[in-house]
Structure formats: structure tokens, C-alpha cells
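In case you want the letters, here they are:
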Amino acid sequence: MTIAPALAAAFFLGLALLAAVGVPLAAAVSLAGAALLAVCPELLAEDFFLDYSLAMRLNSPALISIPLFALAGELAVAAGITRKLLDVTDAFFGRGFHAVGPRAIVGCTLFASVSGVGPAAVKAEGRRLYPDLLEAGFSREIASGAIACAAGLSIIIPASIPLTVYAAATGTLTNIVFTASFVPGIVMAGALLAAMAVHSRLRLRHRRDGGTGDRTVARALWEARWAALLPILVLSFLLSGFLQAPEAAAFASAYAFVYWWRSRRRHPAGKLREAVVRAGLVAGTVVLMAGIGGLFVLLLSTIGFTDALTDFLFRLGGGPFGAIFLVNVILLAAGCFFDMPAIITLIVPVFLPLAERSGLTVPHFGAMVVVNLAIGLVTPPQAWNIAAVSEVTGVDRATAARGVAGFLPVMLFVLALVAYVPELSLWLPRLLGWDVG
């Protein structure tokens, strides 16, 4: 059924006003939706609306894996797994001035494989990488900007919590979404490496390397063998389909806990408790938004808003190419003001019909969404990664934002590739036998 345009406009105006005065988005959606149902109770007469409940929404394998993936990432940091992975990059690239930039990008890429939260990557690696970048001769802007941008890889490369939420919001198998975003994540890492090489060439051209690392690569790999097994096994299980997301998340959590237990003398129990609390906060926020977001999107579909928006934007864009461009602009703008769970659960499903009408499959659209979100993590005014860099390094946000500007062009270039070259996202899933639509 549809409702009067004036009532629909009042609904969105009320939602915007609640968000503008600082009401949390989940609460704003709940209040605005409750008001609409009170004014227009006939919406509840819809059979499919009555059959839908928050409990059904939360009964999703993808959502079940979110707390476990969050816990695995926090335990990996608490147990020192991420530090071991960074030791490998130190040994591989050496300690020379020109090696510091690649170490930072590759280190963040390795961390991304065990943590699906961008700000967590900043906090885990920033304290270690930032002083090295400054010592090598990089400015505070470039050092902080590189860490903030590279940490965004954590939400593109599996196991990404935003991708898990996307799978739940769209009803897609998490393994397929992970596989579709893997190559774009590697391409983004390569683009950031290239940008870092340019900055290194410009700023360190008169410096000589200070030597190589104090350990060989073979020794570093041997010492990190048990830590390196975690991302290798989890990625192998997910990409091959040997384990579904909940089982892979449970395995990752158990593996990280056993690793912590074996080295608990070096990592006190307090760190374990802090890791569990942080994982619980992340998972609780995401799962709540996923449940409320599902009801919100269904309500929009019920009142006819989604279909009307799809038709309007498709005509405005003049076809598939322009419509995809408009969706990217909207997602980039949303990333500047809203957090990732809100965007994925409230905004992305509304634009999914437009994406499919423009020729994008659900896995391809998911890869495009997380690349947008990675850019949003470093785009003011929200810029969660910039805020985390500022907290860890003491650099003010304006300085870090200026550094991010030096990497944004290559990130936007990768976004364009992902958006308009479907095979970049879909060839690996097809190679592995996944049905990508």
C-alpha cells in the first residue's frame, strides 16, 4: 500500500530533526516509525508486515557471526597476534627509510585479515608505525594520513564486520560477499602502496636507507607461524566455502583465545577482559541497528518509497552509468555523517533495487559499498579513522585530514574501478564456483 505524500514527508522530516538534535539513529528511526504507525495504523494490516518481527530479523547466520568476528579481532590484538604479523613486515621490508611506507601499508593489510573494524586497526598499529614514519622523514600529515587510510582496508578485506552486516541486510551468503570484496581490497592496498611510494620518492629522495631489519624473513616467519596461521586458515575456510561465516568466526575466536592462553604470562587477564567488553560493545551496536534497520527498510517498501526513489534516480542518472554514479555520491556523502552500521542497515538496502536495476549484482554492490565506507572513514566531519589517529598519535584532526587528502585520489580511482568493472569483484567468486547472480 502507499500513504499520502505529505505523511511520508512528515515522517522523513521528523527523522531528520531527531537525528539533527543528537538522538541516536537507532532511537530516531524507532521513534519516527512508531509515530508513523500511530498515525497510519492500517500499515499493520499488511500480512507480510505482521509476519516480520525483530526476532526473525536477528535469526540470521550472518548476524550470529558478528559477535564472534568482533571477539576474534579483539583477542588477536590482546594476544599479540597482530604484533607478530607486523614483525614479519618489519623483517621483509627492513628498517630502511624507504621501507617504512610499504611496511605501514602491508602491516595494515595483514591486520585487516584478523580485524574487521577500521578504528581498531588504527589504535593497534598507529602507536608502532607513526614514530617510524616520522623518523624516516615523513611529515606528520602524511604519516597520520597513511595510517588512517590504510586502516580502512579492515572493512574491505575479509573478515569484515561491515560486510557481514551487509550480508545479513541483503540476505546473501556471507562467504560470497567476502569473496567478492577480496580482490578489491588487494587492489586498494596496491593503490595505497603506489601513493606511498610517490610520497616516499618526493620526500625521502635525499635520504639513504638506514639498513635492514635485525632479523631475517625466515626467522620472523618461524616466530610468527602460529599467528600467521589464523588469517590464512580463516580466509581459506571462508573463500573456499569449507566453513560458513558463523563456524569460521567461532574457529577464529577459539584459535585466538588458545593463542592468548598459551602466552597469558605476557598478556595479563585484564587485556582479555577489555577485549571481550570492546567486542560486546561493537557487536551489540551492530546487531541492534541490523534489527531496527530491517524493519525501517520494510516500512519504506510498504509505503512505496523505495520503488519511487528507484525510478526517480534511474531517470535522473539517465541510465545505469549515471545511476551508479549517483549511488556512489550518496554513499560517499552518507559516510561523512553517519556510522557504518547505520549506512548499511538503513541506507544501503534502500538503494539495492536501484543497483540491481543498473546491472549490479548483490555481491558486486557489496564490494562497492565497503570501498565507499572505507573512504567515509577518513572523510570529515565524522572520519572515525582520523579521530582514532588523533587519539593515538596526538596529531590534531585538521593535520591528519590534510594528510588523507594526499591519498584520496587513488582511493576514489579504486572506487571507480570497483563500480564500473564488475569482473574485478566477481571473477574470483566465479572461479571458486560461487553463484553471484
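Parameters and conventions
Residues numbered from 1 in each chain as written. Predicted model: local features only at pLDDT ≥ 70, side-chain atom pairs only at ≥ 80, totals over all residues. Heavy atoms only, no water. 1 Å grid on protein atoms, 1.4 Å probe; cavity = no way out; pocket = protein on both sides within 12 Å on 5 of 7 lines; lining within 4 Å. Points joined across faces, edges and corners; volume = space filled by probe spheres on them. Helix = DSSP H or I, 4+ residues; strand = E, 2+ residues; numbered from the N terminus. Nonpolar A, V, L, I, M, F, W, Y, C, P; charged D, E, K, R; others polar. Salt bridge = Lys/Arg side-chain N within 4 Å of Asp/Glu carboxyl O. Buried < 20%, exposed > 50% of the residue type's maximum accessible area, 1.4 Å probe, protein only. Phe/Tyr/Trp six-rings, centres within 6.5 Å; stacked < 30°, edge-to-face > 60°. Lys NZ or Arg CZ within 6 Å of the ring centre and 35° of its normal. Expected span 1.5 Å × (residues − 1). Bend = angle between axes of the 7 residues up to and from the residue. Axes fitted to C-alpha atoms, helices over the stretch in contact; angles between N-to-C directions. Parallel < 35°, antiparallel > 145°, perpendicular 65-115°, else oblique. Left-handed = near helix turned anticlockwise from the far one by under 90°. Contact = heavy atoms within 4.5 Å.

Chemist: Which residues make up the layout of surface pockets, and what values go with them?
Modeler: Roughly 440 Å³ of volume is contained in the second largest pocket. Looking at the second largest pocket, it is lined by 21 residues, and the ones nearest its centre are L15, F296, F338, L346 and I347. Of all the elements in the fold, those that place two or more residues in the lining of the second largest pocket are α1 (5–20), α2 (25–39), α15 (269–302), α16 (305–317), α17 (320–337) and α18 (340–357). Ranked by residue count, the leading element in the lining of the second largest pocket is α18, at six residues. Within the lining of the second largest pocket, the residues separate by chemical class into 21 nonpolar, no polar and no charged.

Chemist: Summarise the pattern of salt bridges; cite the residues concerned and give the values.
Modeler: Tallied over the full model, the rule gives four salt bridges. A salt bridge links E223 to R219; the shortest N-O distance between them is 3.1 Å. One end of the pair is E223 and the other is R219, both in helix α12 (residues 217–223) and four residues apart, which spans about a single turn. The class for R219 is partly exposed, based on a relative accessible area of 47%. Measuring nitrogen to oxygen at the nearest pair gives 2.3 Å for the salt bridge that ties E423 to R430. Of the residues examined, E423 reaches a relative accessible area of 39% and is grouped as partly exposed. On the basis of relative accessibility, which here comes to 40%, the residue R430 falls in the partly exposed class.

Chemist: So what's going on with the packing of aromatic side chains? Residues and values would help.
Modeler: One pass over the full model with this rule turns up nine aromatic pairs. Linked through ring pairs, F237, F242, F251 and Y255 together constitute an aromatic cluster. Sitting over the ring of W222, R225 keeps its end group 3.9 Å from the ring centre.

Chemist: Any details on α18? Residues and values, ideally.
Modeler: Helix length check: α18, at 18 residues, gives a terminal C-alpha distance of 24 Å against a target of 26 Å (1.5 Å per residue), a fit within 8%. Where α18 bends most, the angle comes to about 50 degrees, and this point is V348, followed within four residues by the proline P349. For α18, the buried fraction is high: 15 of the 18 residues fall into the buried class. In the segment just after α18, G359 is the residue with positive phi, at about 100 degrees.

Chemist: Residue-level account of the packing of α18 against helix α19 (residues 362–376), with values.
Modeler: Orientation of α18 relative to α19, taken along the N-to-C sense of each, is 135 degrees, at an axis distance of 11 Å. By the angle between their directions, the pair α18 and α19 is classed as oblique. The hand of the α18/α19 crossing is right-handed. Counted together, M340, I343, I344, V348, F351, L352, A355 and E356 of α18 and V362, F365, V369 and L373 of α19 form the full contact between these two elements. In terms of residue class, the contact of α18 with α19 is built from eleven nonpolar, no polar and one charged.

Chemist: Help me get a handle on unusual backbone geometry, residues and values and all.
Modeler: A cis geometry characterises the amide bond from P380 onward to P381, with omega recorded as 10 degrees. Relative to the helices and strands, P381 resides in the loop between α19 and α20 (384–393).

Chemist: Any details on the environment of I347? Residues and values, ideally.
Modeler: Inspection of the secondary structure assignment puts I347 in helix α18. Linking I347 and V297, residues 50 residues apart in sequence, is a C-alpha distance of 8.2 Å. Look past the residues within four positions of I347 in its chain and what remains in contact with it is L331, A334, F338 and A342.

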